[in-house]
Amino acid sequence: MVGRLYGVGVGPGDPELVTVKAARLIGAADVVAYHSARHGRSIARAAAAPYLRDGQIEEQLVYPVTTETTDHPGGYQGALDGFYADCAARLAAHLDAGRTVAVLSEGDPLFYGSYMHLHKRLAPHYPAEVVPGVTSLSAASAAAGRPLVEREETLTVLPGTLPGDELAERLRAADAAAVLKLGRTFPKVRQAFEDAGRLSEAWYVERASTGRERVVPLADVDPADVPYMALALLTSPAGESFTAPEPARPEGPGSVTVVGLGPAGRPWLTPEAQDVLSSATDLVGYGPYLDRVPPNARQRRHATGNRVEDDRARHALRLARDGARVAVVSSGDPGVFAMATAVLEAADDFPDVPVRVVPGLTAAQAVAARAGAPLGHDFCVLSLSDLLKPWEVIARRLTAAAAADLVLALYNPSSSRRRHQLAAARDLLLEHRSPETPVVVGRDVGGPEESVTVTTLGKLDPDQVDMRCLVIVGSSTTRVTERGAVHTPRRYP
């Protein structure tokens with residue numbers, strides 16, 4: 001079984017710019033190969049060094065010539081062709097033995113890289129994969145802090161080895177350009193920029209991303225001190241003409257958005273809600289709900305207790321009146337026993353502050369989905385809390401819903417202070433429902449302590465229900481399938 005060849009781009013020199021995939025393959029390879037000049041130093045190996053491991057075979061591929069002359073009968077190109085053929089044979093021996101070979105390439109393997117010459121010789125005969133890397137061009141643009149191209153602009157990439165008049169002609173017509181392979185070609189390249197009338201626009205970047213990085217105007221560079229690992233840049237003309245305004249500061253009234261977080265974590269948060277939360281300057285809400293929003297140092301957070309809805313709403317509106325973009329967070333849907341009503345009631349005293357409501361997935365929907373489809377037909381939603389309405393009203397509504405044979409979703413079924421309501425509700429419902437009526441109790445649905453219990457109305461134990469639960473009581477048609485799923489048929493007999 002033959003081995004596998006990888007051409008691995010290791011980026012422009014900074015080991016932290018090696019991709020995750022490249023680092024993994026380098027560490028896993030049996031053989032690591034890299035090119036170098038006769039001095040033995042290799043930019044590619046230096047970038048990959050943190051990812052190498054003990055026991056790997058290293059194949060150093062030393063160029064026979066770089067910029068010097070050669071007495072090879074085929075000249076400079078003949079010497080390199082023979083070199084690449086010899087390197088390919090050395091790596092083929094490893095591949096034939098079943099070893100994995102990673103050939104390191106500074107920058108990207110197929111962007112003016114030596115690996116491409118090995119790939120052409122080996123890929124037709126062995127399994128081969130190219131792993132792209134950050135190019136010197138990308139690193140140089142980043143180092144200069146200047147965009148290469150925008151909108152419909154085009155980028156021209158040129159080797160400095162081209163004739164000077166051709167370089168000048170192409171630079172004259174380019175929107176943006178990069179000239180690579182400087183070193184000894186630099187005087188010619190600089191003259192080409194001058195002949196094209198673009199020397200004043202050009203930048204010089206040397207050894208981008210390394211500790212020896214240098215970025216200066218091209219016109220200021222001493223030709224005697226230019227290494228091969230440098231390039232010249234003409235960046236986006238649009239960037240040159242852009243005058244950056246001062247960042248906008250809030251002026252006048254801001255806004256309040258009451259946003260539903262859904263019943264649990266981020267997967268149940270809508271994209272619209274995420275957008276509101278990320279663009280807000282201030283977050284207002286009950287402390288445990290605010291804790292569900294990841295912190296952002298740019299934002300101010302205003303946590304309050306659970307029973308101060310009006311104070312919370314007015315605080316949010318005052319912040320917005322002073323220019324803040326406020327998100328008032330609510331669990332589930334803000335319009336279902338939550339903050340939307342409180343904010344809209346208080347907003348009458350803040351007529352200049354815009355208020356909108358962004359919906360969220362409700363607890364009733366979440367529990368119903370976990371159980372099956374108990375809300376598949378007509379249903380009603382009731383809160384058993386008697387803090388804001390008397391128990392007599394709750395009892396009357398429970399009786400009416402039961403008599404109408406509606407499925408019920410019961411919010412706030414119990415708390416440490418309210419222990420009798422759920423038992424009383426169960427007894428009222430039993431006056432109109434069979435004890436065998438399916439009941440779903442969902443607790444912390446979507447959270448780490450999620451549990452969903454299917455029982456019957458006759459066996460419902462109020463002591464097993466707390467404030468973190470939602471209870472769904474079926475109608476006369478609600479059924480539990482053999483799989484344990486609860487559903488209410490859409491057709492009524």
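Residues numbered from 1 in each chain as written. Predicted model: local features only at pLDDT ≥ 70, side-chain atom pairs only at ≥ 80, totals over all residues. Heavy atoms only, no water.

Student: I keep staring at unusual backbone geometry and nothing clicks. Help me out?
Tutor: Only a minority of non-glycine residues have a phi that is not negative, and only a minority of peptide bonds are not trans. At Tyr112, a position not held by glycine, the phi torsion is positive, near 55°. Here Tyr112 lies in the loop between strand S4 (101–105) and helix H4 (115–122). The backbone phi angle of Ser209 is positive, close to 80°, even though this residue is not glycine. Its location among the elements puts Ser209 in the loop between strand S8 (203–206) and strand S9 (214–217). (Helix = DSSP H or I, 4+ residues; strand = E, 2+ residues; numbered from the N terminus.)

Student: Honestly, the packing of helix H6 (residues 164–173) against helix H7 (residues 186–195) in this entry has me stumped. Any pointers?
Tutor: Direction vectors running N to C along H6 and H7 enclose 45°, while the axes themselves pass 8 Å from each other. By the angle between their axes, H6 is oblique relative to H7. Our pair here, H6 against H7, has a crossing hand that is right-handed. Here H6 contributes Gly164, Leu167, Ala168, Leu171 and Arg172 to the contact with H7, which in turn contributes Lys188, Val189, Ala192, Phe193 and Asp195. By residue class, the composition of the contact of H6 with H7 is six nonpolar, one polar and three charged. (Axes fitted to C-alpha atoms, helices over the stretch in contact; angles between N-to-C directions. Parallel < 35°, antiparallel > 145°, perpendicular 65-115°, else oblique. Left-handed = near helix turned anticlockwise from the far one by under 90°. Contact = heavy atoms within 4.5 Å. Nonpolar A, V, L, I, M, F, W, Y, C, P; charged D, E, K, R; others polar.)

Student: Would you mind showing me how to read the sheet that holds strand S23 (residues 486–487) here?
Tutor: The strands that make up a sheet pair up through hydrogen bonds in the backbone, lying either parallel or antiparallel. Here we have three strands laid out as an open sheet, ordered S16-S23-S22, and mixed in their pairing. The open sheet has two edge strands with one neighbour each: strand S16 (372–373) and strand S22 (479–480). Pairing analysis gives two bridges linking S22 to S23, with the strands arranged antiparallel. Its bridge partner lying in S23, Val480 is registered against Val486. (Pairing = 2+ DSSP bridges.)

Student: Is there a simple way to explain the sheet that holds strand S21 (residues 469–473) in this structure?
Tutor: The strand order across the open sheet formed by five strands is S17-S18-S21-S19-S20, and the pairing between neighbours is mixed. Sheet topology places strand S17 (379–383) and strand S20 (451–456) at the edges, where each strand pairs with a single neighbour. Shown here is a sheet whose adjacent strand axes are inclined to one another by a mean of 20°, direction ignored. Bridge analysis of strand S19 (residues 438–443) against S21 gives five bridges, and the strand direction is antiparallel. Considered in S21, the bridge of Arg443 is made with Cys469.

Student: It is not clear to me how the layout of surface pockets should be interpreted in this structure. Could you clarify?
Tutor: Taken as a whole, the second largest pocket holds about 1,600 Å³ of empty space. If you go around the second largest pocket, you meet 47 residues; those closest to its centre are Tyr289, Asn306, Phe337, Asn412 and Met467. At the level of secondary structure, the elements contributing two or more residues to the lining of the second largest pocket comprise helix H11 (309–321), strand S14 (325–330), helix H12 (339–346), helix H13 (363–371) and S21. Along the lines of polarity and charge, the residues of the lining of the second largest pocket split into 21 nonpolar, 14 polar and twelve charged. A domain split of the lining of the second largest pocket shows at least three residues from each of domain 3 (255–361) and domain 4 (364–487). (1 Å grid on protein atoms, 1.4 Å probe; cavity = no way out; pocket = protein on both sides within 12 Å on 5 of 7 lines; lining within 4 Å. Points joined across faces, edges and corners; volume = space filled by probe spheres on them. Domains from an automatic or database assignment.)

Student: What exactly am I supposed to notice about helix H9 (residues 271–279) here?
Tutor: Structural remark: α-helix, 3.6 residues per turn; residues separated by three or four positions point the same way. Within the sequence span of H9, burial applies to Ala273, Val276 and Leu277. Looking straight down H9, one finds its buried side chains confined to an arc of 95°; they lie on one side. For H9, the elements touching its buried residues are strand S11 (255–260), strand S12 (282–286), S14 and strand S15 (355–358). (Buried < 20%, exposed > 50% of the residue type's maximum accessible area, 1.4 Å probe, protein only. Arc of directions from axis to C-beta.)

Student: Explain the packing of aromatic side chains here, please?
Tutor: The description of two aromatic rings rests on the distance between their centres and on the angle between their planes. Tallying each qualifying case throughout the model produces six aromatic pairs. Ring centres of Tyr63 and Phe83 lie 5.4 Å apart, and the angle between their planes is 50°; this geometry places the pair in the tilted category. You can see Tyr63 sitting in the loop between strand S3 (57–62) and helix H3 (75–96) and its partner Phe83 sitting in helix H3, a full 20 residues away along the chain. As far as burial versus exposure is concerned, Tyr63 and Phe83 are alike and both buried. For the pair Tyr286 and Tyr289, a centre-to-centre distance of 5.1 Å together with 90° between the ring planes defines the contact as edge-to-face. These aromatic residues form a ring-pair network of at least three members: Tyr63, Phe83 and Tyr84. (Phe/Tyr/Trp six-rings, centres within 6.5 Å; stacked < 30°, edge-to-face > 60°.)

Fair warning: the whole summary comes from geometry, so function is off the table for now.
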